[in-house]
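# Topology and contacts: notes
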Amino acid sequence: MKKPEILVVDDRAENLLAMQRVLNDLDAEIHTASSGNEALAMVLDHDFALILLDVQMPDMDGFETAEMVRLYDKTAHIPIIFVTAISKERKHIFKGYASGAVDYIFKPVDREILLSKVKVFLTLYRQRQELQQLVQNLQHSQELIAKQNATLTLLALHDELTGLYNRRHLNTILAQEFYRSKRYGTDLAILMLDLDHFKNVNDTYGHAFGDFVLKEFAHRMKKISRPTDLIFRFGGEEFLILLPQTDIEGGVKAGEQIRKICATEMYEEGPVSISVTTSIGAAAFHNDKPEEPDQLIEMADKALYQAKDAGRNRVLAYTHLMEDQGQPKGV
Ligand SMILES: [Mg+2]
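What counts, and where the lines are drawn
- Residues numbered from 1 in each chain as written.
- Predicted model: local features only at pLDDT ≥ 70, side-chain atom pairs only at ≥ 80, totals over all residues.
- Heavy atoms only, no water.
- Pairing = 2+ DSSP bridges.
- Helix = DSSP H or I, 4+ residues; strand = E, 2+ residues; numbered from the N terminus.
- Axes fitted to C-alpha atoms, helices over the stretch in contact; angles between N-to-C directions.
- Contact = heavy atoms within 4.5 Å.
- Domains from an automatic or database assignment.
- Core = buried A, V, L, I, M, F, W, Y, C linked by side-chain atoms within 4.5 Å.
- Buried < 20%, exposed > 50% of the residue type's maximum accessible area, 1.4 Å probe, protein only.

With that out of the way, let us pick up the sheet that holds strand 7 (residues 230–233). Reading across the sheet, the five strands line up as 7-8-6-11-12 and stay open at both edges, with mixed pairing between neighbours. Strands at the two margins of the open sheet, each flanked by one partner only, are strand 7 and strand 12 (315–317). Direction aside, neighbouring strands of the sheet carry axes that sit 20° apart on average. Relative to strand 8 (residues 238–244), strand 7 is paired through four bridges, and the arrangement is antiparallel. Bridge pairing links Arg233 to Phe239 in strand 8. Along the sheet, helix 8 (residues 207–224) makes contact with strand 6 (188–195), strand 7, strand 8 and strand 11 (278–284), crossing strand 6 at roughly 155°.

In structure tokens, the structure reads:
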């Protein structure tokens with residue numbers, strides 16, 4: 001903490017010198033002014049812990065100077081000790097207090113009295129500074145905690161590698177969207193996506209390149225999806241998209257767009273340039289009539305595995321799958 005500053009105001013140089021000599025024993029920085037005007041200019045530039053103010057001065061006397069100091073919000077709180085040679089008559093003392101003075105010292109100044117009075121104010125000043133520092137630290141800590149909480153929330157909901165929502169968040173969101181559809185009759189499509197032969201990518205080009213493919217795939221899905229679509233990393237190379245207010249046809253169409261981009265755009269990094277296709281299973285609330293949120297995932301998952309079995313790089317809807325197998329819809 002910086003040293004407290006004290007301002008000594010007196011129109012006579014020898015008085016200033018004498019006061020300075022006494023105050024130099026304190027752990028404080030002493031400033032001097034030889035008139036009320038000079039003092040006013042200085043209080044605006046410094047954060048004084050205390051002003052020792054001569055009462056008898058030409059032009060602006062000590063009382064007038066004190067009144068001016070009290071006028072500004074920035075300086076109104078500064079304690080003032082009037083230093084006066086005039087008699088200890090009550091009227092003078094009261095005049096001092098009326099202008100906001102907090103203490104009085106009589107000339108000739110007694111060294112011990114001056115030091116003990118000044119020390120009291122320096123202690124108060126230091127305590128106030130410490131308190132301000134504590135308040136500042138507290139505010140800083142609170143900001144830090146808020147930032148950390150925001151980061152934690154982000155980490156809790158997102159997959160670290162791809163930046164997509166994670167599976168934990170899917171549980172919350174799927175239930176929300178599912179019951180919204182159930183209550184308001186809106187549709188909800190779901191896509192389960194799996195990158196084809198992804199194990200080969202990792203085995204052949206290494207996990208760093210595999211991670212690059214996953215990130216890039218996530219990026220491509222985000223780029224072509226609508227702002228209302230919710231994209232999750234479901235597992236290693238498995239992804240899931242929820243499309244609110246979208247029927248099975250809309251879902252399959254969105255899946256087909258992703259499949260096409262995946263099949264045509266290469267993944268390029270360094271010397272490696274490969275294409276990775278994706279298989280997609282689709283299901284939708286109205287079409288497939290799941291009873292529970294998890295059932296919707298199971299339906300899309302079944303469609304995905306059928307798409308894999310049928311040769312990969314394709315989109316299959318759960319309903320069509322069931323019809324193909326001669327089973328009733330939505331079972
Ligand atoms: Mg004087």
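Split into domains, the protein comes out as domain 1 (5–133) and domain 2 (167–324). The C-alpha-based centres of domain 1 and domain 2 are spaced at 77 Å.

Moving on to the nonpolar core. Residues Leu193, Leu195, Val213, Phe217, Met221 and Tyr267 are the most contacted members of the largest nonpolar core, which totals 31 residues. Ranked by residues supplied to this core, first place goes to helix 8 with seven residues. Residues in contact with Val213, not counting those within four places in the same chain, are Leu195, Phe198, Val201, Tyr267 and Val276.

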